[in-house]
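Structural overview
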Amino acid sequence: MTIINRGLLTEDAGELDPPDSELLRAPWSVPGTALHTDLYHVDAAYIAWKSGHNGRATFDLYTRSAPFAGGFMLVAGLEPALDYLRSFIYTDDDLAYLERIKGYESDFLDYLSSIRFTGEILAMREGEIAFPNEPLMRVTAPFAEALLLESGLLRAIGVSTLLATKAARIHIAAQGRSVSDFAFRRAHDPYLAARSGYIGGCDSTSFVAAAKDYDIPSAGTIPHALVQAFPDELAAFRAVAEVMPTYTLLLDTYDVRRGITHAIQVAHEARASHGHRLAAVRLDSGDLDEYKIERLLTAGAPIDGFGVGGNLGVGLGTIASGTVGGVIGAVYKLAWYEGDGAAPARIKLAGGKSTWPGRKQPYRIGAFERDVIALDDETPPRDGRPLLQPFIRDGHIVGEISDLKAIRARALASLDALPERTRALTPEEPYPVDWSRGMIQLRDDTIAAISRTNV
């Protein structure tokens, strides 16, 4: 749907007091998130525990490609991920369920009952720009502990980043016009959709609970049903204008041209009799996406703002981009394992799905000149800014958690700083992300070692 309206206000962003302050529980969280996983992770943890194979391990969470055939990703989901970790416990009911369906021995269930995250997490800040193959998050912990987190972290980071990136693309296409998130009725996870949409550039949301909980501006118009409920359109418009000091009218319940005439008439009447003001008129044009918005504005359509629903709320791709969308394809892969006497670097060899070993740190060189993925103990590249920041160490939050308005401000500044060639909805060439010499050498050495031992 398309909205023609005035701009929405923006607010200055601040930072929360960090490390020692408790994370606020977000509206999506529930006590005991340990069963927010896939069953085979629990089985794998059982095998690792039973075999004593539980050394310190490092996993990378990343994507192999940018969604929507675009040139970048806008990172989101760190706070939901940390909230998931904060609630990661097995309740008595959880353990009884696992015993019933799997018959795990009691000592393993006791082990699960005591698990709390004790490791280290480095992550990109929400609102940062990322590119394929760069770790969005790096998790280091005892193997079983880190493995059990895979699905929950992938969901929090992957879904949020997908939706924030979609919102960012819509924001770019809108060229400074306001964008409202109208996705609630179709969003698969409406809280993540509203939060990520706001980070990515939506100015408001129609989802009232999210607007309240996140302190996001709320927005809405009127439904066709309200117009239909009156004997005629003019009567409906007059009722709206009489009740609401600032109001919006829907033009296309019957006939758009007649609706425009009625809207102008009622606007003059309401201003004269009540001092009430017509703020916007709306044309319900069906599902919008970034490509349709771009085409409308290129054609010179006199539109002040857009309301975007299902395409935003579920991160849909488009025929124009050649992508289905709906998922971002994030993965969580073992890169380092200590404690079994073998070399700690770990790799998966599977063609295009092969992984890179080692504990990594991506760097941004200059103002989006290029990125370099290096080993974390290599000398940083000149003029390189490290993108992974520490947020958890020894199971305790040590990183500063920004509030939502600060995250949004960071995201919009990041998008403004992107080169035009990378901001394009369908870029002609990918942004350059290089591997350091140390990374290439470690990969070659690891492949050679596998070739010697797996014969």
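About the thresholds
- Going along each chain's sequence as written, the residues are numbered from 1 onward.
- Totals for whole chains, interfaces and linings use all residues, but because this is a predicted model, local features are given only for residues with pLDDT of at least 70 and pairs of side-chain atoms are given and counted only at 80 or more.
- The side-chain numbers reported here are obtained from all heavy atoms of the structure, hydrogens and water having been left aside.
- Secondary structure follows DSSP: runs of H or I at least 4 residues long count as helices, runs of E at least 2 residues long count as strands, and numbering of each begins at the N terminus.
- Our radius of gyration looks at C-alpha atoms and nothing else; its globule reference is 2.2 Å times the residue count to the power 0.38.
- Each residue is placed in one exposure class: buried if its accessible area under a 1.4 Å probe, protein chains only, is under 20% of its type's maximum, exposed if it is over 50%, and partly exposed if it falls in between.
- Residues scored as charged are limited to Lys and Arg (positive) and Asp and Glu (negative), so that His and the chain ends carry no count.
- The atom standing in for a charge is NZ when the residue is Lys, CZ when it is Arg, CG when it is Asp and CD when it is Glu.
- Angular values range over 0 to 180 degrees, each being the angle between N-to-C directions of two axes fitted as lines to C-alpha atoms, with helices fitted over their stretch in contact.
- Should an angle fall under 35 degrees it is taken as roughly parallel, and over 145 as roughly antiparallel, whereas 65 to 115 is taken as roughly perpendicular and any remaining angle as oblique.
- A clockwise turn of the near helix away from the far one marks a right-handed crossing, whereas an anticlockwise turn of less than a right angle marks a left-handed crossing.
- Whether two residues are in contact is decided by their heavy atoms, any of which lying within 4.5 Å being enough.
- N or O atoms within 3.5 Å of each other form a polar contact, as long as, within protein, one can give a hydrogen and the other can take it, and as long as residues adjacent in sequence are counted only when both atoms are side-chain atoms.
- Expected helix span is given by 1.5 Å per residue-to-residue step, counting one fewer step than there are residues.
- By construction, the arc corresponds to the directions joining the helix axis to the C-beta atoms.
- pLDDT expresses, on a scale from 0 to 100, how confident the predictor is about each individual residue.
- Note on pairing: DSSP must find at least two bridges between two strands before they are called paired.
- By definition here, a salt bridge exists when the distance from a side-chain nitrogen of Lys or Arg to a carboxyl oxygen of Asp or Glu is within 4 Å.
- Distance thresholds for patches are 9 Å for like charges and 5 Å for nonpolar side chains (Val, Leu, Ile, Met, Phe, Trp, Tyr), applied to residues having over 30% relative accessible area and no salt bridge.
- Under the convention used here, a 1.4 Å probe and the Shrake-Rupley method define accessible areas, while residue burial counts only the protein chains that appear.
- Each residue receives one of three labels: charged for Asp, Glu, Lys and Arg, nonpolar for Ala, Val, Leu, Ile, Met, Phe, Trp, Tyr, Cys and Pro, and polar for the others, Gly being one of them.

**Considerations on the overall build of the protein chain**
Counting its secondary structure elements, the protein chain contains 16 helices and 18 strands. Over its C-alpha atoms the protein chain spans a radius of gyration of 25 Å, differing by no more than 12% from the 23 Å that the globule rule assigns to 455 residues. In terms of overall dimensions, the protein chain has a C-alpha envelope of 85 × 50 × 40 Å along the principal axes. For the protein chain, with 455 residues in total, the buried portion stands at 52%. Distance between charge centres in the protein chain, computed from 46 positive and 59 negative side chains, equals 4 Å.

**Observations concerning the packing of helix α2 (residues 78-86) against helix α6 (residues 150-174)**
Taken N-terminus to C-terminus, the directions of α2 and α6 make an angle of 155 degrees; their axes are 8 Å apart at the nearest point. With respect to their mutual orientation, α2 and α6 come out roughly antiparallel. Our pair here, α2 against α6, has a crossing hand that is right-handed. Between α2 and α6, the contacting residues are Leu78, Pro80, Ala81, Tyr84 and Leu85 on the first element and Gly152, Leu153, Ala156 and Ile157 on the second.

**Quick notes on the side chain of Arg346**
Note that Arg346 resides in the loop between β12 (330-337) and β13 (360-365). A polar atom in the side chain of Arg346 sits 3.1 Å from the side chain of Asp340. Sequence-distant contacts of Arg346, defined by excluding residues within four places in its chain, comprise Leu334, Ala335, Trp336, Tyr337, Asp340, Trp356 and Pro357.

**Some words on helix α16 (residues 437-453)**
Residues spaced three or four apart along an α-helix face the same direction, because each turn holds 3.6 residues. In this model α16 runs 24 Å from its N-terminal to its C-terminal C-alpha over 17 residues, within 8% of the 24 Å that 1.5 Å per residue would give. Taken residue by residue, α16 has Gly438, Met439, Leu442 and Thr446 as its buried positions. Angularly, the buried residues of α16 cover 95 degrees about the axis, an arc narrow enough to put them on a single face. For α16, exposure combined with an orientation more than 90 degrees from the buried face picks out Arg437 and Arg452.

**Observations regarding the confidence of the model for the protein chain**
Overall, the predicted model of the protein chain reaches an average pLDDT of 91, with 93% of residues at or above 70. In this model, residues 1-29 is a region of pLDDT below 50 whose contacts with residues beyond four sequence positions or in other chains number 83 contacts.

**Section: the pairing of strand β11 (residues 305-308)**
Burial along β11 is two-sided: the residues Gly305 and Gly307 and Phe306 and Val308 are all buried. Two elements, strand β7 (residues 178-181) and β11, share 4 bridges in a ladder whose sense is parallel. Bridged to Ser180 within β11 is Gly307.

**Some details on the sheet that holds strand β18 (residues 433-435)**
Hydrogen bonds along the backbone pair up the strands of a sheet, which may run parallel or antiparallel. Pairing in this open sheet of 4 strands is mixed, and the strands run β15-β13-β14-β18 from one edge to the other. Lying at the two open borders of the sheet, with one neighbouring strand each, are β15 (384-386) and β18. Averaged over neighbouring strand pairs, the angle between their axes works out to 30 degrees when direction is ignored. Pairing analysis gives 3 bridges linking strand β14 (residues 370-375) to β18, with the strands arranged parallel. Paired with Val372 across the two strands is Asp434, which belongs to β18. Each of β13, β14 and β18 touches α16; the most contacted strand, β14, lies at about 50 degrees to it.

**What about the pattern of salt bridges?**
All chains considered together, the criterion is met by 23 salt bridges. Among the ionic pairs, Arg169 bridges to Glu290, the shortest N-O distance being 2.7 Å. Here the residue Arg169 occupies a position in helix α6, and Glu290 occupies one in helix α12 (residues 290-298), the gap between them amounting to 121 residues. For the pair Arg169 and Glu290, a shared accessibility class is recorded, and that class is buried. A salt bridge links Lys212 to Asp213, with the nearest nitrogen and oxygen atoms 3.6 Å apart. Residue class for Asp213 comes out partly exposed when judged on its relative accessible area of 39%. Among the charged side chains, a network of salt bridges with common partners joins Glu120, Arg138, Arg359 and Asp376.

**Focus: a nonpolar patch on the surface**
On the surface, a nonpolar cluster with roughly 310 Å² of combined accessible area is contributed by Leu35, Leu39, Tyr97 and Ile101. Along the chain, Leu39 turns up in helix α1 (residues 39-51).

**Comments concerning the packing of α1 against helix α4 (residues 106-114)**
Look at α1 against α4: their axes get within 11 Å of each other, and the N-to-C directions meet at 110 degrees. By the angle class used here, α1 and α4 are roughly perpendicular. For the pair α1 and α4, the crossing hand works out as right-handed. Contacts between α1 and α4 involve Val42, Ala45, Tyr46 and Trp49 on the former and, on the latter, Asp107, Phe108, Tyr111 and Leu112. A breakdown of the residues in the contact of α1 with α4 according to their chemical character gives 7 nonpolar, no polar and 1 charged.

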